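Secondary and tertiary structure notes
Given next are the chains, with one letter for each unit.
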Amino acid sequence: MEENLNIPDHVALILDGNGRWAKKRGLPRQMGHKKGCETLEQTVEDAARLGIRYLTVYGFSTENWKRPEEEVGALMGLFKQYLKDALEDLLNDDIKIRFLGDTSMFSADLQELIAETIETGKTRTGMVLNLAMNYGSRAEITRAAQNLAEQVKNGALQPSEITEQMLSDHMYTYGEPDPDLIIRPSGEYRLSNFLLWQSAYSELIFMDVLWPDFTTEDLEHCLDEYAMRNRRFGGV
Ligand code: IPE
Ligand code: IPE
Ligand code: MG
């Protein structure tokens, strides 16, 4: 990787391709998710070491509930294991975990783990790891609209006073910079309901590698490519 390059503050990753990784090996899809979790552990470590301040990962969408019960169950089991491990392992790394999405849909024990993870994170000052779980961007924007409409109804706000910043402040990512870079592995060229509001000026990288195969070098390659992009934000 090039030295002294322009490291993005906020990188977002769509963890896609686990199922195809498993299928290629004649394994059940769950094994792809398991390997994907291991890859995530490595990537989180790499991102923190490389100086990324916010890492957002899309692990389960509002649409993923439509998958077979067995697969959803396996994913829930992996989330639990990931959070249990993270509570121990990330202790030394000072990583602060936040959750993007409606976590009230999860089982009581998973919600307990989530609450514990948030509590532990309160005193942390290192990289922020946003776990997008039961996250959907349209649901997020709808929720923001509902919250603001409630304020209008209460008379606390005039419709004409609603600003872009207010919308941002009602997203799950409130207080964070928008993602500078969004990476989607697996060879699909779409956002699949991820960060639609926040990605207005994000740089996008689509790559063919399946998520479980994503390496430290792949991340470094993405950062090199990002450093060469010319971001104009509508200017010249
Ligand atoms: C991403 O991998 C994990 C989740 C969406 C939960 P997929 O399970 O979507 O893997 P492919 O896209 O079928 O290969
Ligand atoms: C996006 O992947 C969601 C996550 C990676 C969590 P999907 O596999 O669900 O997206 P589509 O169905 O290919 O658009
Ligand atoms: Mg997929």
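All of these numbers come straight from a predicted model, not from anything done at the bench. (Residues numbered from 1 in each chain as written. Chains lettered and ligands numbered in written order. Predicted model: local features only at pLDDT ≥ 70, side-chain atom pairs only at ≥ 80, totals over all residues. Heavy atoms only, no water.)

1. As for the overall build of the protein
Selection criterion: Here a strand is any run of E in DSSP of at least two residues, a helix any run of H or I of at least four, and the numbering for each starts at the N terminus. As defined in this context, the radius of gyration uses C-alpha atoms, and a globule is described by 2.2 Å times the residue total to the power 0.38. The criterion used for residue contact is that any of the two residues' heavy atoms lie within 4.5 Å. Each accessible area value is a Shrake-Rupley result obtained with a 1.4 Å probe; residue values ignore everything except the protein chains displayed when judging cover. Charged residues are defined here as Lys and Arg on the positive side and Asp and Glu on the negative side; His and the ends of the chain fall outside this count. Each charge is placed at NZ for Lys, CZ for Arg, CG for Asp and CD for Glu.
From N to C terminus, the protein includes seven helices and six strands. Helices and strands in the protein line up, N terminus first, as β-α-α-β-α-β-α-β-α-α-β-β-α. Its C-alpha atoms give the protein a radius of gyration of 18 Å, within 12% of the compact-globule value 18 Å for 236 residues. Its C-alpha atoms give the protein principal-axis dimensions of about 60 × 50 × 35 Å. A fraction of 76% describes how many contacts in the protein between residues 6 or more apart in sequence connect residues 24 or more apart. Carbon and sulfur atoms make up 49% of the accessible area of the protein, which totals about 12300 Å². Computed over 25 positive and 39 negative side-chain charges, the inter-centroid distance for the protein is 5 Å.

2. What to know about the site of ligand 2
Cut-off, in case you're wondering: Near, as used in this document, describes a residue that has one of its heavy atoms within 4 Å of the molecule or strand being considered. N or O atoms closer than or at 3.5 Å make up a polar contact, with two conditions inside protein: a donor-capable atom paired with an acceptor-capable one, and, for residues adjacent in sequence, both atoms drawn from side chains. Space inside and on the surface of the protein is sampled on a 1 Å grid over the protein atoms alone, with a cavity defined as a set of points where a 1.4 Å probe fits but cannot get out and a pocket as an open set with protein on both sides within 12 Å along at least 5 of 7 lines; lining residues have an atom within 4 Å of a point. For a molecule to be placed in a cavity or pocket, more than half of its atoms must lie within 2 Å of the grid points of that cavity or pocket. Charged residues are taken to be Asp, Glu, Lys and Arg, nonpolar residues to be Ala, Val, Leu, Ile, Met, Phe, Trp, Tyr, Cys and Pro, and polar residues to be all remaining types, Gly included.
Around ligand 2 sit Ile14, Leu15, Asp16, Tyr58, Gly59, Phe60, Asn64, Arg67, Arg184, Arg190 and Ser192, and that is every residue in its neighbourhood. Side-chain polar atom of Asn64 to an oxygen atom of ligand 2: 3.0 Å apart, as the coordinates give it. Here an oxygen atom of ligand 2 and a side-chain polar atom of Arg184 are 3.4 Å apart. Surface burial for ligand 2 is 79%, taken as the share of its 390 Å² of free accessible area covered by protein chains. When each cavity is represented as a set of grid points, ligand 2 is found to reside in the largest pocket. Tallying contributions element by element places strand E2 (residues 54-61) first for the shell around ligand 2, with three residues. Looking at the shell around ligand 2, its residues break down into four nonpolar, three polar and four charged.

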